[in-house]
Amino acid sequence: MSVVDDPATASVASGAKRPSRLFKNLSAKIASIPMILTALCVFVGGTTWTVVYSFTNSRMLPRENFVGLDQYERLWGTDRWIISIKNLAVYGVCSMILTLLIGFTLAACLDRKIRFESAFRTIFLYPFALSFVVTGLAWQWILNPDFGIQNVVRSWGWESFAFDPLNNPDIVMFGLLIAGIWQGSGLIMCIMLAGLRGIDDDIWKAAKVDGIGTIKTYIVVIIPMMRPVFITSLVLIASGIIKLYDLVVAQTGGGPGLSSEVPAKYVIEYMFRAQNLGQGFAASTMMLCSVVVILIPWAYLEFGGKKRG
Amino acid sequence: MKLSTKLMAATAIVSASAASAVELEVTHWWTSGGEAAAVAKFAEAWNATGNTWVDGAIAGSGGTARPIIISRILGGDPMAATQLNHGRQAEELIEAGLMLDLTDVAEAGNWREIVNPPSLLDSCTLDGRIYCVPVNIHSAQWLWLSHDAYEAAGLDVPTDWNEFVASAPALEAAGTIPLAMGQQGWQQNLAFGAITIAVAGLDDWREVTVNKNADVARGESYAAVFQAAADARELARNSNVQDWNQATNLVITGQAGAQLMGDWAQGEFSVAGAVEGQDYSCLPGLGLNEILDTGGDAFYFPVNDDPEITAAQKELAALLISPEVQVSFNLAKGSLPVRGDIDMSTANGCMQKGLGILADGGILPSGDQSLSADTQTQIEDLMAQFWSSDMPADEAQAKYADIIASAD
């Protein structure tokens, strides 16, 4: 297009092309109209509405009484919100690292052409079929000092054994983390395994010829080749972290005290239990901001870079 | 063809039965043993009139159930009647015109005369119109003591809070948890409220909770309250149950010495077959200040387009406050009736104590009536944090005063 010097010729040329592009795959475009409308009205519209009303003093019902940044000032002055953010940060970092590590290690082990591979795959993936509520309750029982692991180990004769994360405010987040990883790493393993299967056998042969050890081949050659797979996994894990709610409700209820509260739970409880929509909206807007802060630089690097390159 | 015939037949059956009796769906959060027995009394009375009570029990405490109830009303799928605590919870729903005006039923039944204390009806009133039926009075300031636990420790059962605190080391030595406490914010808040009235006294309590005077909340009397609460926190250190009825069960079975809980705990004791004065005793106002708050439950009736249902809603409203239903319901629930003109002589010792205090006028408005749900939640959050951590008493007091200062 840039070679065409005469603007008039250019506009005629593109004018003649445009209809054909617009009407290309017409049925597919018509079919996607409902989804486009849903995305615009529900996601964009709903988000905008929430952000706008977070500047009001709405209580049980939305009201257009704007109070500026009052809700945000209160939010950042609230202990519970600060605790929630810290908890989510701890959970997020640990969950991200451990899920990737465990998922990849399991996948690499399965990829070594072991026997009963499909049986192991099923076992590892099974927890993912459970809802977070079931996972949370099951782990609540397993970690209960009176019936669970602690009791079993003590009955073996180790009387002083103590493992009671859910009743200890300092380590309760790790109790949640165990359940979260137990459920989530199976799916990541499957995605990683699919990625590993996509690696050409010739690469392995070449590595062998060059005399590179197996583990070194994984780290230096295979993992860089699996970049898209890792990015998919990261997005899946990150979205799971940000919306962490049902696991907490089922497993600890935010307790003991406030020590396992998370931001999503703050939003729900201030919107409905405290009947303070404005405060809940302010908190959910902050959650959106945190996602955007992470997402925009990443999207810029990922997509912006490609165009230039 | 077959399916549509079946569907038509089913519709015919449904509409035929609907014509003869009105089905009203009633939502509530009465799910523990004693509570379920009490709500069954309402259902029996309503079914006896030829109508049908569709029970919509929502498990979990009011904190779980209220959002469900409110979002159903706001979402255009209202139930016929619902439990809420009287107070400020339904304020905005009434203002938005979503609740049925019961003023004509109230005038016909002469509620203004019979409801005692009258403040209950005031909580149902907005701009001179009445929107709810109070069904019972619940007070929170009760200390429940286990005779078994004290017998095992070789002590006499205490007669007030101070004696109880003094007896705690002996209980602990006997392997008993001194104070049973469910690890939920509302229970910890309730215990704190009961301690406040007992320690700070009525005037300071009223100044803080009703008039929202933050200076009093920063003052000396409240410092004593927070110190007492910090002491109670140590006594409840080993109690790691969650729900209130599990905590009550610790008292019933003698694993714990005492529990601070509202008079609804009474229902659990009677379901377990425990006898007042023999297996357990109760101290209203913690034995220090014989004053009870008058919170409680009320039924609200969301507006409905169907005139038949509206008529049935009004019929149900009148039934809930009728003398016989009040007696049978409150005996099962362990709560006090909302009318002073009925015979409660079959009630046990604890309820008689409560009735006596009510008759003497030792009453104050409940937290639900004075504080908005927003402020209540903030205080509950603070209490959850305070009771489960080692937060010093003065730090908690400062945070509490800040919440009171910003309350509306």
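As recorded by an unreviewed UniProt entry, chain B carries the name Carbohydrate ABC transporter substrate-binding protein, CUT1 family and is attributed to Yoonia litorea.

Looking at an unreviewed UniProt entry, one finds chain A named Carbohydrate ABC transporter membrane protein 1, CUT1 family and attributed to Yoonia litorea. We quote the UniProt Subcellular location (unreviewed entry) comment for chain A here in full: "Cell membrane". Entered under Sequence similarities (unreviewed entry) in the UniProt record, the comment concerning chain A runs "Belongs to the binding-protein-dependent transport system permease family."

Chemist: Is there a simple way to explain the interface of chain A and chain B in this structure?
Modeler: Counting residues at the interface gives 19 residues for chain A, matched by 21 residues for chain B. Summing both sides of the interface, chain A and chain B together bury roughly 2000 Å²; the carbon and sulfur share of this comes to 49%. At the junction of chain A with chain B, the criterion picks out five salt bridges. One salt bridge connects Asp-374 of chain B with Arg-59 of chain A, and the closest N-O pair in it is separated by 3.5 Å. Taken together, the links from chain A to chain B amount to ten residue pairs in polar contact (both at pLDDT 80 or more). Going through the elements one at a time, helix H4 (79–110) and helix H13 (263–273) of chain A are the ones with two or more residues in the side of chain A that touches chain B. For the side of chain A that touches chain B, a count of residues per class yields nine nonpolar, four polar and six charged.

Chemist: Help me understand the domain arrangement of chain A in this model?
Modeler: All names here are of chain A. Assigned domains within chain A: domain 1 (1–53) and domain 2 (71–308). On a C-alpha basis, the centroid separation for the pair domain 1 and domain 2 is 37 Å. A buried area of about 390 Å², summed over both sides, lies between domain 1 and domain 2, and 78% of it is on carbon and sulfur atoms. A per-residue breakdown of the area domain 1 buries against domain 2 is headed by Thr-50, Val-51 and Tyr-53, which together make up 74% of the total.

Chemist: Help me understand a nonpolar patch on the surface, please; the structure alone is not making it clear to me.
Modeler: Residues and elements named next belong to chain A. On the surface, Leu-22, Phe-23, Leu-26, Ile-30, Ile-33 and Leu-37 cluster together into a nonpolar patch covering about 600 Å² of accessible area. The dominant element in the nonpolar patch, judged by the number of residues it contributes, is helix H2 (residues 26–53), at four residues. In this fold, Phe-23 is placed in the loop between helix H1 (7–22) and H2. With a relative accessible area of 53%, Phe-23 lands in the exposed category.

Chemist: Just checking my understanding: could you explain unusual backbone geometry for this structure?
Modeler: Of all residues except glycine, most have a negative phi; of all peptide bonds, most are trans. Phi is positive for Lys-113 of chain A, which is not a glycine, with a value near 55 degrees. Topologically, Lys-113 of chain A is positioned in the loop between H4 and helix H5 (117–125). By relative accessible area, Lys-113 of chain A is classed as exposed at 71%. The backbone phi angle of Asn-110 of chain B is positive, close to 60 degrees, even though this residue is not glycine. As for its position among the elements, Asn-110 of chain B is in the loop between helix H5 (103–108) and helix H6 (111–114). Residue classification places Asn-110 of chain B among the partly exposed positions, given a relative accessible area of 39%.

Chemist: In this structure, what is going on with the domain arrangement of chain B? I would like to understand it.
Modeler: It is common to give the size of an interface as the accessible area that goes away when the parts come together. Residues and elements named next belong to chain B. What the domain assignment reports for chain B is domain 1 (24–138 + 294–358) and domain 2 (142–293 + 371–406). Each of domain 1 and domain 2 was reduced to a C-alpha centroid, and the two centroids are 27 Å apart. Opposite the 20 residues of domain 1 that make contact, domain 2 presents 22 residues. In total, domain 1 and domain 2 occlude about 1600 Å² of area from one another, counting both sides; carbon and sulfur atoms represent 58% of this. When the buried area of domain 1 at its contact with domain 2 is split by residue, His-138, Cys-350 and Ile-357 rank highest and sum to 32% of it. At the junction of domain 1 with domain 2, the criterion picks out four residue pairs in polar contact (both at pLDDT 80 or more). Contributions of two or more residues to the side of domain 1 that touches domain 2 are made by helix H2 (33–48), helix H17 (323–333) and helix H18 (349–359). Among the elements that take part in the side of domain 1 that touches domain 2, H18 stands out by supplying five residues, more than any other.

Chemist: When you look at the sheet that holds strand E8 (residues 177–180) of chain B in this model, what are you seeing that I'm missing?
Modeler: The strands making up a sheet associate through backbone hydrogen bonding, with each pair oriented either parallel or antiparallel. Residue and element names in this part refer to chain B. Taken in spatial order, the four strands make up an open sheet running E8-E9-E7-E10, and their pairing is mixed. Edge positions in the open sheet fall to E8 and strand E10 (280–284), since each of these has one partner strand only. Across the sheet, the mean angle separating the axes of adjacent strands is 20 degrees when strand polarity is ignored. Pairing of strand E7 (residues 142–146) with strand E9 (residues 256–260), which is carried by three bridges, proceeds in the antiparallel orientation. Paired with Leu-145 across the bridge in E9 is Ala-258. Its contacts with the sheet put H18 on E7 and E10, and the angle it makes with E10 is roughly 10 degrees.

Chemist: Hey, could you run me through the UniProt feature "domain: ABC transmembrane type-1" (unreviewed entry) in chain A in this one?
Modeler: Under the present numbering, the feature "domain: ABC transmembrane type-1" (unreviewed entry) in UniProt falls on residues 85–300 of chain A. Across residues 85–300 of chain A, helical content stands at 73% and strand content at 0%; the span's end C-alpha atoms are separated by 26 Å.

Chemist: I'm lost on the pairing of strand E3 (residues 81–85) of chain B in this one. Help?
Modeler: One face of the sheet, then the other: side chains in a regular strand alternate in exactly this way. All names here are of chain B. Among the five residues that make up E3, five are buried, leaving the element largely enclosed by the rest of the structure. Of the two faces of E3, the one lined by Ala-81, Gln-83 and Asn-85 and the one lined by Thr-82 and Leu-84 are each fully buried. As judged from the two bridges shared by strand E1 (residues 23–28) and E3, these two strands associate in the parallel manner. In the sheet register, Thr-27 faces E3, and the bridge partner there is Thr-82. The sheet contact formed by E3 and strand E12 (residues 297–300) spans four bridges and is antiparallel. Looking across to E12, one finds that Leu-84 is bridged to Ala-298.

Reading guide: rules and limits
Residues numbered from 1 in each chain as written. Chains lettered and ligands numbered in written order. Predicted model: local features only at pLDDT ≥ 70, side-chain atom pairs only at ≥ 80, totals over all residues. Heavy atoms only, no water. UniProt positions renumbered as here; feature names shortened; annotations may be inferred. Contact = heavy atoms within 4.5 Å. Buried area = accessible area lost by both parts, 1.4 Å probe. Salt bridge = Lys/Arg side-chain N within 4 Å of Asp/Glu carboxyl O. Polar contact = N/O pair within 3.5 Å; in protein donor to acceptor, adjacent residues only side chain to side chain. Helix = DSSP H or I, 4+ residues; strand = E, 2+ residues; numbered from the N terminus. Nonpolar A, V, L, I, M, F, W, Y, C, P; charged D, E, K, R; others polar. Domains from an automatic or database assignment. Patch = residues over 30% accessible without salt bridge, like charges linked within 9 Å, V, L, I, M, F, W, Y side chains within 5 Å. Areas by Shrake-Rupley, 256 points an atom, 1.4 Å probe, with all protein chains shown as cover. Buried < 20%, exposed > 50% of the residue type's maximum accessible area, 1.4 Å probe, protein only. Pairing = 2+ DSSP bridges. Axes fitted to C-alpha atoms, helices over the stretch in contact; angles between N-to-C directions.

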